[in-house]
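If you want the building blocks of each chain, they are given just below.
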Amino acid sequence: MEMKKLDKRVLTLWYIRAAITALVLAGVFAGAAGILIANDVGPLGLVAAGIPAALILCLTLIFPALRYKMYSWGYDDKRIIVKQGVIFRQRVVIPVCQIQDLHRTQGPFMMMLGLSGVTISTAGSNFNISTLTTAEADRMIDELEANLEVRIEELKNEKI
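These numbers were taken from a predicted model, which means no experiment stands behind them. (Residues numbered from 1 in each chain as written. Predicted model: local features only at pLDDT ≥ 70, side-chain atom pairs only at ≥ 80, totals over all residues. Heavy atoms only, no water.)

Things to note about the pattern of salt bridges
Now for step 1: In the structure shown here, the tally under the stated rule is four salt bridges.
Now for step 2: Note that Asp76 is salt-bridged to Arg79, the shortest N-O span being 3.7 Å.
Now for step 3: Residue class for Asp76 comes out partly exposed when judged on its relative accessible area of 22%.
Now for step 4: We classify Arg79 as partly exposed; its relative accessible area is 32%.
Now for step 5: Ionic pairing is found between Glu153 and Lys156, a salt bridge with its closest N-O pair at 3.9 Å. On the criterion of helical spacing, the pair formed by Glu153 and Lys156 is a turn pair, its members being three residues apart in helix α4 (residues 134-159). (Salt bridge = Lys/Arg side-chain N within 4 Å of Asp/Glu carboxyl O. Buried < 20%, exposed > 50% of the residue type's maximum accessible area, 1.4 Å probe, protein only. Helix = DSSP H or I, 4+ residues; strand = E, 2+ residues; numbered from the N terminus.)

What about the pairing of strand β5 (residues 115-122)?
Now for step 1: Counting buried positions along β5 gives eight out of eight residues, so the element sits mostly inside the fold.
Now for step 2: With burial as the criterion, each face of β5 is covered, one bearing Leu115, Gly117, Thr119 and Ser121 and the other bearing Ser116, Val118, Ile120 and Thr122.
Now for step 3: Bridge count for strand β4 (residues 99-105) against β5 is six bridges, and the pairing is antiparallel. Opposite His103, over in β5, you have Thr119 as the bridge partner.
Now for step 4: With antiparallel pairing between neighbouring strands as the criterion, β5 and strand β6 (residues 126-133) make up a hairpin whose turn holds three residues. (Pairing = 2+ DSSP bridges.)

Remarks on the environment of Pro64
Now for step 1: Here Pro64 lies in helix α2 (residues 43-70).
Now for step 2: Distance from Pro64 to Gln100, taken between C-alpha atoms, is 31 Å for residues 36 residues apart in sequence.
Now for step 3: Beyond its immediate sequence surroundings of up to four residues, Pro64 is in contact with Leu11, Trp14, Tyr15, Ala18 and Leu59. (Contact = heavy atoms within 4.5 Å.)

Considerations on the pairing of strand β1 (residues 72-75)
The side chains of a regular strand alternate, residue by residue, between the two faces of the sheet.
Now for step 1: Taking every second residue as pointing to the same face, both faces of β1 are buried, with Ser72 and Gly74 on one and Trp73 and Tyr75 on the other.
Now for step 2: Pairing of β1 with strand β2 (residues 79-84), which is carried by four bridges, proceeds in the antiparallel orientation. The partner of Gly74 across the bridge, within β2, is Ile81.
Now for step 3: Here β1 folds back onto β2 in antiparallel fashion, the turn holding three residues.

And the structure:
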């Protein structure tokens, strides 16, 4: 099975999401810095408020690139494999015969970039392949659906 990397547009989407989160958190830290200044805490208090802000900036710039580099996925007629994680590596293997539902999802930023997510539901859990091109997502769902139909027919024939 060939493991595939994500499209470059996924990295753009992850940077957009990280920037939005960083802006919200920067607002929180700016508010905290304002409170510290109003209470005349001094430069040490401002440094203490600035350290988390600097960490957030670093994570915003570095984490999406690391996540993109570490993410790979692939599937065949028997299983789906996803490898992901920066700090905690994860390898997920989903047997195709256990799939109950396949869903393609898109948010507003994903639509603008031509990306989609695929959610795979089994009896035990749901798993999301975070972001694929819409064409890849549709192709994956169509091929897995065809594989499932073949597998169901094989199981029916075994029982007879």
